[in-house]
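Results of the structural survey
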Amino acid sequence: MVKVTLNGRHEAKKVLIEPKLLGEDKDMLEDLLAAAITDAVRKIAARTQEKYSGLMSGLNLPPA
């Protein structure tokens with residue numbers, strides 16, 4: 001219903017809202033936007049973790 005696109009620096013690049021939501025409750029739309037942003041941030045964090053875990057595994061660092 002709501003899609004937010006962020007770059008790797010967590011900057012919003014695009015927000016898509018289904019037209020049928022524009023006539024809906026303002027509070028619901030705000031909640032959907034917040035959920036979409038949170039989801040996008042979590043996806044960036046997961047991808048970053050995946051990328052760096054592969055790089056770090058070859059360094060043979062002692063556990064923290």
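Residues numbered from 1 in each chain as written. Predicted model: local features only at pLDDT ≥ 70, side-chain atom pairs only at ≥ 80, totals over all residues. Heavy atoms only, no water.

The next thing to look at is the pairing of strand E1 (residues 2-6). Only one face of E1 is covered, namely the one carrying Val2, Val4 and Leu6; the face carrying Lys3 and Thr5 has none of its residues buried. From the end of E1 to the start of strand E2 (residues 12-17), which pair antiparallel, there are 5 residues, and His10 there has a positive phi angle of about 65°. (Buried < 20%, exposed > 50% of the residue type's maximum accessible area, 1.4 Å probe, protein only. Helix = DSSP H or I, 4+ residues; strand = E, 2+ residues; numbered from the N terminus. Pairing = 2+ DSSP bridges.)

One pass over the structure, following the stated rule, counts 4 salt bridges. Across the pair Glu18 and Lys20 runs a salt bridge, and its minimum N-O distance is 3.9 Å. Its salt-bridge partner being Lys26, residue Glu30 comes within 2.5 Å of it at the nearest N-O pair. One end of the pair, Glu30, and the other, Lys26, are both in helix H1 (residues 26-57), 4 residues apart, so they sit about a helical turn from each other. According to the relative accessible area criterion, Lys26 is exposed, its value standing at 57%. (Salt bridge = Lys/Arg side-chain N within 4 Å of Asp/Glu carboxyl O.)

Next up on the list: the environment of Ile44. Here Ile44 is to be found in helix H1. The spacing of Ile44 and Arg9 is 35 residues in sequence and 8.9 Å in space, taken between C-alpha atoms. Not counting chain neighbours up to four residues away, the residues in contact with Ile44 comprise Leu6, Asn7, Gly8 and His10. (Contact = heavy atoms within 4.5 Å.)

Together, Val15, Ile17 and Leu22 line one region of the surface with nonpolar side chains, adding up to about 250 Å² of accessible area. Residue position: Leu22 is located in the loop between E2 and H1. Using a relative accessible area of 60% as the deciding quantity, one classes Leu22 as exposed. (Patch = residues over 30% accessible without salt bridge, like charges linked within 9 Å, V, L, I, M, F, W, Y side chains within 5 Å. Areas by Shrake-Rupley, 256 points an atom, 1.4 Å probe, with all protein chains shown as cover.)

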